Structures are given as C-alpha cells and as structure tokens.
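What follows is each chain in one-letter form.
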Amino acid sequence: MTNSLSKISDDSRIATNQDEIDRIKLAQRYYAGNYLAKKGADINTVSYFNSQGEKRNRRFNAVNITQMVAKRQASICLNSGFDVSIDSKSQDDTQASFNVGDTVILSANHMPNMQGAIAKIDSVDNGAYEVDYWPTDGTAEVTNHKWVVDSEMTPTDQMFPSVSPGKIDSSMPSMSSMGSNSSSQTDDNDPMSDLSDFIDKWLEDSGVNSNLEGKLEQGIPSGGFAARPYVDNGKIKVAWVRASQFFSLDANTEEISQAAIASRSVKVVDKERYYYTLLEFHQWAQDGTYQITNELYKSTDADQVGEQVSLGTDDMYTDVAPQVKFTNFKRPLFVYFKCPGQNNVAPESPLGVGFVNNCQNILDAINYAHDSFVWEMRMGRRKVLVPPETVRPGDEYHQTGQFDPDQDTYQSVEGLGDGTNPVVQINPDIRVEEYQQTMQYFLHELENAVGLSSGTFTTDTTGGVTTATQVVSENSMTYQTRSSYLNRISKFISELIQSMIQLAQVPELFDNNEPLLSDIDLDDLQISVHYDDGVFVDKDAQAKQDMLAVQAGTMPKKQYIMRNYGKSEQEAEEWLSEIQAETPTNNNQNENPFESDVLNGGDE
C-alpha cells in the first residue's frame, strides 16, 4: 500500500472540494460556541493593549446564538415526535373497489352455495381477492378462498358473522343483529401490518425516535448530516454521521448516490500518539452491485490523514472487511439529510448549506455587541479614588483602619485634588438601552435570514409569546420554515427505513442465514410520516371544523380519521370497519346526528 493523503479531499474519488470541507468545519465551530479562534491564541480570546502599551488577553464574551437558532429550528419540527405508517402501492392501485376487512355479498358461483353468501376480504393481489365466506346453506365457514374479482362482489353494510347464519341471500337487510364484530379485527396475515409493527419497534430500539431531533440540531448549522444502518449482533442499529465526516463522490447532482464516510480514532502505541482514519467508500459498480470499500490510514500528525495501512494495524478495526458487496440493492445504505434551500455557496455541490455560512456576519455582530456590553459593564463599575495614605497599611507603631481586602472599589491615586476633598467617586453610565437596541436590531436581521418569525429571539422581556392561532392565521415565517424542513425530514426518514429494509433482507448478516425480513419490494412501499402540529394548530378547533366538514359532506370520514388521529389509509379503513361493526343499527335518538354520522362509518 503506497497511498498517502494529506487531506481527505486529496483522494481522486472525493468530489467534495476543500473549500466545502472548510465551510462545514467553520459552521461546526460556530455551533460549538467558538467564534474567535485565531492561530496561536486560545479559542474565544481577545488580545488588546492597555493604557501602558502592554499586550493583554481576555475572554471573548460570546452568546452561542448559533446553537440557539439550531435548537429552535429542530424543536419546532420534532419536539412532539412523529409516527410512521406503511401502505402497499400495488394494493392501493388494485383496491379501488374493496379493501382488506370489508364485508361483501358474493355473486360468484365457483363453489356450491357460494352465490349470495356473505364474505370477508382477507387479501388482495393484482386485483383479485382472497375471501372467507359462509355458504348459503348454513354449513361451515369456507376460509381463504382464491380468487374473487370486483364484478363478483356487491358492497354491503352487513356484518361478517362468527357463527353460521343459516341460509342467507343478498336480499337480507342486515346481519348486524347477529352480534359479531369479527369483520373489525385486523387481518393477522396482513404483511403490511407486520412490517409496520417491525418498523415501529426498530425506530424505537435503534434510537431514531429519540435521537433524530438532536442530530437535526447538530446538522442544521452546517447544512446537513447523514445516517447509516448497520448490523451488530443480529440487530440493525444506526450510525449517525456529522457533516464533517461525510464526503460526496458525486458532483453536479441533486441526489447523492455515492459517498465516503470518515471515522477518526486516536491511540498511543509505544508511547507515541497516532491518529487513525477509516474511510468507508459506498459506490455502485458497473454491473449494478453495491459495494462498500474500507481503507485505513495512520498518521502522527493530527492535521494529516497519513499513510494507508492494512485493516487491523495496531489492533484497529480488526472486525472490518476490506470490501463488502451487495446485490439487488436499489438505494445506498447511507441516507443524507439536506437542509432546505439551494447551496448558494457552492452551487455545483450536492451537499446542503447551513445558515452559518450565509449569516456569519450577523452572528459575529451579535456576539461583538454582547461582548462590548459585558466589557463595558466590567469597566464601568463604581470606583472611589483616594490618596495613598488612606489605604497604606500600618506597622507596629502606626495602626490604621483597613478596607475589605477582597474588594477593589477603592484605588490609590497620587496628587489627588488640593487636599480639601481627597476622595473622588467615579460612577460611569452604562449604555444599557443602546446595547439592547443594537442587539435587537441584529437579532431581527438573524430571524429574517434563518426563516423565523419576528420576536423569536428578543431582548424585550415584555414581548410576550405568540399564540398558536396567530402563528397559523398570520402564515408566519416560522410555520413556512417548519413545513420546508418537514418535507426534507419525511424524505430522510422514508429513505432510512428503506435502507434498513434492504439490510434486513441480507441472510449472510444474521445468525443461521435467516434474514429479519424477506420478500419486501421497496418500490411497492408507500411510507408516510405524520407529525404532531399541536405547536401551530389548535387541535380541538381543527377537529370541530373537520367534523362540520364531514357532516356537510365535504370531507370523507376516512380523511377525518387520518387527519385527526395520524392513521394511515389502511388503518383508517380498519377503524371504519370496526365502528360500523360495533354501532347498533338503531341510533340513540338523543345522539348528536353529526357524531352518529362520523362514528357509524359510511361513505368514504
């Protein structure tokens, strides 16, 4: 191995140039609160000359406004979490007439006593239905009959019975008096339901639910971040990748399909410190194979990537293979989150750009104003100038009173006054109002620049809090910004789930070559992400308005359930079936007619 790298961008496979890398590092430095970092000086240190011409250093009094902005933006998006629902695209396409769990009357005559029988739909495949039905002669239930088509079924509001109903025909008005709610039960063999449960558990166990808001906060200042699922002891976990660790192999493209991920480690070997960099290249081969290539570099200089060495050198990354190949993959294993908006700093780069690079001057102005105010407070403290003899310590022959030795209010000055008034008080005025106005001016500039409503950051303690109703009615900038971020977050979560599903279907990664999932077609999945809009929407008011819309016939009941309860289309249909099965045919005369309309299912 003769490959040697000074910087990661020196590798010919890396499309991300050094300017882009430096831009990202600057943003991460600002997020850490390090606004001044000059070479040869401590971080956040200001050098100046005092009145005697001596060079002095002091702490730069910064307020970490970068972290405050990132935390606010991440919080308005994910502070209430999210839910994921899974549907089948093919099922949606072929299920225009009937859904799994629906009860129908059969006109098919494939079997004796089948025509006119009441049936329940078990599954759908390319427009054909598998059903359970009760023969019209009252004999035992027939289960899993394949296949019935749309033209052989008639919609009905009758309930699928759990016991033999005797002879029935399509003219019977209702079966709901039989007291069964078997049609309301979720199909235990529904693959989408099983997959949805698997994904919900994985999102919880892998920490995606709990960690995503924090990772989003870290990625917003620099423009993005990445995640990569991996297998560890038979479980699929998630590795989070900072923007400074992620390097695109693609250029002049919106989507990143190939990338390199860097991991840095430090180890002392024979009393010398070494720096190890693992580069993980994700690439597509010409034959469509997805391959991951791992390379290890070693250096004694923290600023150098170093010489390429074998994996396992100095017991580093001994369990990592030089190359792994996957067939039948449709998307990369990594997922990159890109902040909304175009990269105006490097238009040819597929990486996102954070607000730090576009707002650096405003961030600096806020911190310089804050630092000046803190310094003025310190320099403007009350002083009392007194003649030297008033503070001169006594001796064994001359006893004098002493000031508190821990205070510095009194300062000795020679030749003070004419002797008639030897004590001079200095009480400088601190320009609080001027600094407050200056800070507020720059904070307002920052709010506009990052897409947050005016007043999000304020020095006015009497400003109050904007209500949720105002946020929506004013179509506020914060609400628009949140919507832009949620579109990107939904895309990120959806792609992360798809990458996980790909990995879960590789037998070689699990014990006994038994994959966690099988026969899942990514192209057939419809992944929907739902968020709680309680910060912006009065949910009670929304529910009431939606109920009125249902009563007026302008909103389907299925949409009401999906909108107000965060259910998928399939889950909403199951709810409607359950409601219909559980509701008596004779409604209570005192029941609100609208509530009855919603609860009894009905048209969709």
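A. Structural view of the sheet that holds strand β11 (residues 235-241). Spatial strand order, β11-β10-β18: three strands in an open sheet with antiparallel pairing. Since the sheet does not close on itself, it has two edges, and those belong to β11 and β18 (335-338), each with one partner. Strand-to-strand twist across the sheet, computed as the mean angle between neighbouring axes with direction ignored, equals 25°. Here strand β10 (residues 224-232) runs beside β11; their pairing, made up of seven bridges, is antiparallel. Counted as the bridge partner of Arg-228 is Ala-239 from β11. This element, helix α9 (residues 477-504), spans β10, β11 and β18 of the sheet and lies at about 175° to β18.

B. Up close: the packing of helix α11 (residues 557-565) against helix α12 (residues 569-582). The N-to-C vectors of α11 and α12 enclose an angle of 115°; their axes lie 9 Å apart at closest approach. Crossing angle aside, the handedness with which α11 passes α12 is right-handed. Here α11 contributes Lys-557, Lys-558, Ile-561, Met-562 and Tyr-565 to the contact with α12, which in turn contributes Glu-569, Ala-572, Glu-573, Trp-575, Leu-576 and Ile-579.

C. Examining the pattern of salt bridges more closely. Enumeration over the complete set of coordinates arrives at 16 salt bridges. The shortest N-O distance in the salt bridge between Glu-295 and Arg-13 comes to 3.0 Å. Taken together, the positions of Glu-295 in strand β15 (residues 290-299) and Arg-13 in the loop between β1 (4-5) and α1 (18-31) put the pair 282 residues apart, joining distant regions of the chain. Linking Lys-330 and Asp-523 is a salt bridge whose minimum nitrogen-to-oxygen distance equals 2.8 Å. Here the residue Lys-330 occupies a position in the loop between β17 (323-326) and β18, and Asp-523 occupies one in the loop between α9 and β22 (525-531), the gap between them amounting to 193 residues. Each member of the salt-bridge network shares a partner with another, and the members are Glu-255, Arg-331, Lys-491 and Glu-495.

D. Layout of the packing of aromatic side chains. Under the definition given, this model contains 17 aromatic pairs. Ring geometry for Tyr-30 against Tyr-35: centres 4.8 Å apart, planes inclined by 70°, an arrangement best described as edge-to-face. Tyr-35 gets classed as buried once you look at its relative accessible area, which sits at 5%. Where Phe-337 meets Phe-492, the ring centres are 6.2 Å apart and the plane angle is 85°; that geometry is what we call edge-to-face. One end of the pair, Phe-337, is in strand β18; the other, Phe-492, is in helix α9, with 155 residues separating them in the sequence. Across this residue pair, the class does not change: Phe-337 and Phe-492 are buried.

E. How the structure looks around the side chain of Asn-294. As for its position among the elements, Asn-294 is in strand β15. Among the polar contacts listed, one links the side chain of Asn-294 to the backbone oxygen of Ala-321, at a separation of 2.7 Å. Ignoring sequence-local partners within four residues, the contact set of Asn-294 consists of Leu-278, Leu-279, Glu-280, Leu-311, Val-320, Ala-321 and Pro-322.

F. Local environment of the environment of Phe-98. Within the secondary structure layout, Phe-98 lies in the loop between α3 (89-94) and β5 (103-106). Accessibility expressed as a relative area gives 6% for Phe-98, which makes it buried. Once the C-alpha coordinates of Phe-98 and Ile-121 are considered, the two residues, 23 residues apart in sequence, prove to be 8.0 Å apart. Leaving out residues up to four positions away in the same chain, Phe-98 has contacts with Val-104, Ile-121, Tyr-129, Asp-150, Met-153, Thr-154 and Pro-155.

G. Geometry of α12. Its 14 residues give α12 an end-to-end C-alpha distance of 20 Å, which sits within 8% of 20 Å, the value for a rise of 1.5 Å per residue. Listing the buried residues of α12 in full gives Gln-570, Ala-572, Glu-573, Glu-574, Leu-576, Ser-577, Ile-579 and Ala-581.

H. How the structure looks around α9. Over its 28 residues, α9 extends 41 Å from the first C-alpha to the last, a length consistent with the 40 Å expected when each residue adds 1.5 Å. Of all 28 residues that make up α9, 20 are buried, and the element is covered over most of its length.

I. Region of interest: the side chain of Thr-289. Relative to the assigned elements, Thr-289 resides in the loop between β14 (272-284) and β15. Here Thr-289 falls in the buried class, since its relative accessible area comes to 11%. In this structure the side chain of Thr-289 is engaged in a polar contact, spanning 3.0 Å, whose partner is the side chain of Asp-287. Contacts of Thr-289, omitting those with residues within four sequence positions, involve Gln-283, Trp-284, Lys-325, Phe-326 and Thr-327.

J. Main features of the pairing of strand β13 (residues 259-269). Judged from the three bridges that link them, strand β12 (residues 246-248) and β13 form a sheet pairing that is antiparallel. Bridge pairing in β13 links Phe-246 to Ile-261. By the bridge criterion, 11 bridges tie β13 to β14 in an arrangement that is antiparallel. From the neighbouring strand, Ala-259 faces β14, where its bridge partner is His-282. Where β13 folds back onto β14 in an antiparallel hairpin, the turn is made up of two residues, including Asp-270, whose phi is positive at roughly 50°.

Reading the values: the criteria
- Residues numbered from 1 in each chain as written.
- Predicted model: local features only at pLDDT ≥ 70, side-chain atom pairs only at ≥ 80, totals over all residues.
- Heavy atoms only, no water.
- Pairing = 2+ DSSP bridges.
- Helix = DSSP H or I, 4+ residues; strand = E, 2+ residues; numbered from the N terminus.
- Axes fitted to C-alpha atoms, helices over the stretch in contact; angles between N-to-C directions.
- Contact = heavy atoms within 4.5 Å.
- Left-handed = near helix turned anticlockwise from the far one by under 90°.
- Salt bridge = Lys/Arg side-chain N within 4 Å of Asp/Glu carboxyl O.
- Phe/Tyr/Trp six-rings, centres within 6.5 Å; stacked < 30°, edge-to-face > 60°.
- Buried < 20%, exposed > 50% of the residue type's maximum accessible area, 1.4 Å probe, protein only.
- Polar contact = N/O pair within 3.5 Å; in protein donor to acceptor, adjacent residues only side chain to side chain.
- Expected span 1.5 Å × (residues − 1).

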